[in-house]
Amino acid sequence: MRVIGIDPGLRHMGWGVIDAEGSRLRHVANGTCDSGQGTLAARLLTLHEQLTDVLHRWQPEIAAVEQTFVNRDGAGTLKLGQARGIAMLVPAQFGLEIGEYAPNKVKKTVVGVGHAEKAQVDHMVRMQLPGVVIDSPDAADALAIAICHAHHQGAQRMKVKA
């Protein structure tokens, strides 16, 4: 099963692709879509085009996107929500099933602690995907989201077989 994890962000949208075979995980690719400068609409279009290219290139079978957490900055949360819309739209355009995970669930699955620091997430991603060269902190988070989804999909398949 080829999984793409997407860490939504308006400036930097991380993505990571892994292959999951049972409990074995293998890194395929990772990177960051950068929205650049300009109007909000132009930046969202740029993210859409780049993420579409990623899905064309790596052909994932399933997707996972981190859920948005609400913070004190309402305008920032709304903009992040619009970027998250792109992160949900593009895999949907490819006909992919999309899992959604809260940040704490991703951290709990990958690190074992729901309030882990970014450095801990990065370290555990590197441990689970030996030899990986991570493009950015956003790509590390995206790989963690993909790993989380692979574990939960695997557990779900085990339940179905039982």
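Since the structure is predicted, the reported quantities are computational estimates derived from the model, not experimental observations. (Residues numbered from 1 in each chain as written. Predicted model: local features only at pLDDT ≥ 70, side-chain atom pairs only at ≥ 80, totals over all residues. Heavy atoms only, no water.)

Another point: the overall build of the protein chain. From N to C terminus, the protein chain includes five helices and five strands. Moving toward the C terminus, one meets the helices and strands of the protein chain in the order β-β-β-α-β-α-β-α-α-α. Whereas a compact globule of 162 residues would reach a radius of gyration of roughly 15 Å, the protein chain reaches 15 Å, a difference of no more than 12%. Counting the 162 residues in the protein chain, one finds 46% classified as buried. Residue pairs at least 24 apart in sequence account for 61% of intrachain contacts in the protein chain once pairs closer than 6 positions are excluded. In the form shown here, the protein chain has an accessible surface area of approximately 8,500 Å², with 54% of it arising from carbon and sulfur atoms. One finds the centroid of the 17 positive side-chain charges in the protein chain at a distance of 5 Å from the centroid of its 16 negative side-chain charges. (Helix = DSSP H or I, 4+ residues; strand = E, 2+ residues; numbered from the N terminus. Rg over C-alpha atoms; globule rule 2.2 N^0.38 Å. Buried < 20%, exposed > 50% of the residue type's maximum accessible area, 1.4 Å probe, protein only. Contact = heavy atoms within 4.5 Å. Areas by Shrake-Rupley, 256 points an atom, 1.4 Å probe, with all protein chains shown as cover. Lys, Arg positive; Asp, Glu negative; His and termini not counted. Charge placed at Lys NZ, Arg CZ, Asp CG, Glu CD.)

A word on the sheet that holds strand E5 (residues 97-101). The strand order E3-E2-E1-E4-E5 describes an open sheet built from five strands, whose pairing is mixed. Looking at which strands have only one partner, the edges of the open sheet turn out to be strand E3 (24-34) and E5. Within this sheet the neighbouring strands show an average axis-to-axis angle of 20 degrees, counted without direction. Pairing geometry for strand E1 (residues 2-7) and strand E4 (residues 62-66), over four bridges, is parallel. Paired with Val3 across the bridge in E4 is Ile62. (Pairing = 2+ DSSP bridges. Axes fitted to C-alpha atoms, helices over the stretch in contact; angles between N-to-C directions.)

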